[in-house]
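Take a look at the letters that make up each chain.
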Amino acid sequence: MNGRRDHYFPNTEPLAADEMRVIALGTGRPFVRRAQANASWLVELGNGDKFIMDFGSGSQVNFTALEIPHQDVTAYFATHLHADHVGDFPQAWIGSWAGGRSKPLVLYGPSGPEPKYGTEHFVKNQVASFAWDTETRFGLLPDAGAEVEVHEFDFKKSGVVYEKSGVVIKSFPAVHIYDGPVSYRLEWNGLTFVFSGDTTPNRFFIENARGADLVVHEAFNTVSQLMTRYGYDERMARGIGTTAHTAPSEVGEVFAKVQPRHAVIYHFFNDFDTASEIERDVRQAWSGPLSLARDLMVFNVTKKNIAVRTAVTSDHVWPNRKEHPAFLAGPRTKRLQMSGWLAESQLFPKS
């Protein structure tokens, strides 16, 4: 591990059987920009499992840049239903189907205080709104890829929501604006990854993140940055930066309480003129290992070491480079037939 390069080149390094690799697919705020997509994190395990935690707008471009077959994703997990955390659902669902996934998409997510605020309602209505899209693909793509297998769990309860192949994923309540959001703790092979999603500091996080190997916690831009760089007045800057989200000074105190092997902050605009002030505030309480996340930052985690690098990717990737027989031979519903007058207008009629 110590001899590895400073950069990670996808598909050039097999993951060791006892190793975890975590890659930032989206680290920014509720505003998509070329430098940072919305929230999303990929967790790859040495047993072959791959989990995507949140899939905010723009994040799936970074996933495809890693040239990982969509078929290989074990499951997706949503922390809450803000668009900057689930806005890429159509791409995660339909894009991965067109990109080689021939099995149902598996999605875990929290309930809400009312059914309309839960993950099942979200998926049901997303699927309904894309009826023309999905039904026109039947006959061309395997049917199973259009299916979404939803596992909605009670957001109020702390406990195991996924347990397979030696992987245990626990959910616990997050404190973010309203009832519903959760954070996650993933345990495998003696290694632990904790992802806050969006939250303000709370006892649930302290209890569930203590002693974890890699902890990713949100931290918003400072109040002064929100005022000078984003045009907020002080009241709005404090409301968004400290009431709805965690201030950098506060996240430092969280890390001091949970003592992770490596701490990571995300969910802020990480620019040359913002990062130093944010790190300064975190360092008021936390002196341990710290990374200010950027898109495609890579963390290789073993019991001996945690290496931090950046992925080098291409802008011109193709999906499904790995052949999947099911994608070629899966059952297909009969294609929809267009109206005769449309078909007759073709210059080069198709059978």
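For the structure, see preceding data.
Notes on the structure follow. Because the structure is predicted, anything quoted here is derived from the model rather than measured.

## Concerning the overall build of the protein chain
Argument step 1. From N to C terminus, the protein chain includes twelve helices and 16 strands.
Argument step 2. Compactness check: the protein chain gives a C-alpha radius of gyration of 21 Å against a globular reference of 20 Å for 351 residues, within 12% of the reference.
Argument step 3. Structurally, the protein chain occupies a C-alpha span of about 70 × 50 × 40 Å along its principal axes.
Argument step 4. Relative to its 351 residues, the protein chain shows a buried fraction of 52%.
Argument step 5. Of the contacts formed within the protein chain by residues at least 6 apart in sequence, a portion of 67% connects residues at least 24 apart.
Argument step 6. Per element, the accessible surface of the protein chain, about 16300 Å² overall, is 53% carbon and sulfur.

## Comments concerning empty space enclosed by the protein
Argument step 1. Across all of its chains, the model carries one cavity of 30 Å³ or more by this definition.
Argument step 2. Space inside the largest cavity adds up to approximately 30 Å³.
Argument step 3. Lining the largest cavity are His70, Val73, Thr74, Ala75, Tyr76, Arg101, Pro104, Leu105 and Val106.
Argument step 4. For the lining of the largest cavity, the elements supplying multiple residues, two or more each, are β5 (75-77) and β6 (105-110).
Argument step 5. Taken together, the residues of the lining of the largest cavity sort by class into six nonpolar, two polar and one charged.

## Some remarks on the packing of aromatic side chains
Argument step 1. For the structure shown, the criterion picks out 21 aromatic pairs.
Argument step 2. When the ring of Trp41 is compared with that of Phe299, the centres are 6.4 Å apart and the planes differ by 35°; the resulting orientation is tilted. Taken as a pair, Trp41 in strand β3 (residues 40-45) and Phe299 in strand β15 (residues 297-301) lie far apart in primary sequence, 258 residues in all.
Argument step 3. For Arg29, the ring lying beneath its charged end belongs to Tyr230, and the centroid distance is 4.3 Å.

Analysis parameters
Throughout, residues of each chain are indexed from 1 in the direction in which the sequence is written. Reporting in this predicted model follows two pLDDT cut-offs: at least 70 for local features of residues, and 80 or more for side-chain atom pairs to be given and counted; totals over whole chains, interfaces and linings ignore these cut-offs and use all residues. The basis for the side-chain values is all heavy atoms of the structure; hydrogens and waters are excluded. Strands are runs of DSSP state E lasting at least 2 residues, helices are runs of H or I lasting at least 4, and numbering of each runs from the N terminus. Between the two quantities, the radius of gyration covers C-alpha atoms and the globule rule is 2.2 Å times the number of residues to the power 0.38. Under the scheme applied here, a residue whose accessible area is under 20% of the maximum for its type counts as buried, over 50% as exposed, and between as partly exposed, the area being computed with a 1.4 Å probe on protein chains only. Residue contacts are defined here by distance: any two heavy atoms, one from each residue, within 4.5 Å place the two residues in contact. The method behind every accessible area is Shrake-Rupley, applied with a 1.4 Å probe, and residues are considered shielded solely by the protein chains displayed. Lining residues are defined by having an atom within 4 Å of a point belonging to a cavity or pocket. Those points lie on a 1 Å grid over the protein atoms alone, cavities being sets where a 1.4 Å probe fits but cannot get out and pockets being open sets with protein on both sides within 12 Å along at least five of seven lines. Grid points are joined across faces, edges and corners, and a volume is the space filled by probe spheres set on the points. Note on residue classes: Ala, Val, Leu, Ile, Met, Phe, Trp, Tyr, Cys and Pro are nonpolar, Asp, Glu, Lys and Arg are charged, and everything else, Gly too, is polar. Planes of paired rings set the category: under 30 degrees apart is stacked, over 60 is edge-to-face and the rest tilted, where pairs are Phe, Tyr or Trp rings (Trp by its six-membered ring) whose centres lie within 6.5 Å. Two conditions define a charge located above a ring, namely a distance within 6 Å from the ring centre to NZ of Lys or CZ of Arg, and an angle within 35 degrees of the ring normal.

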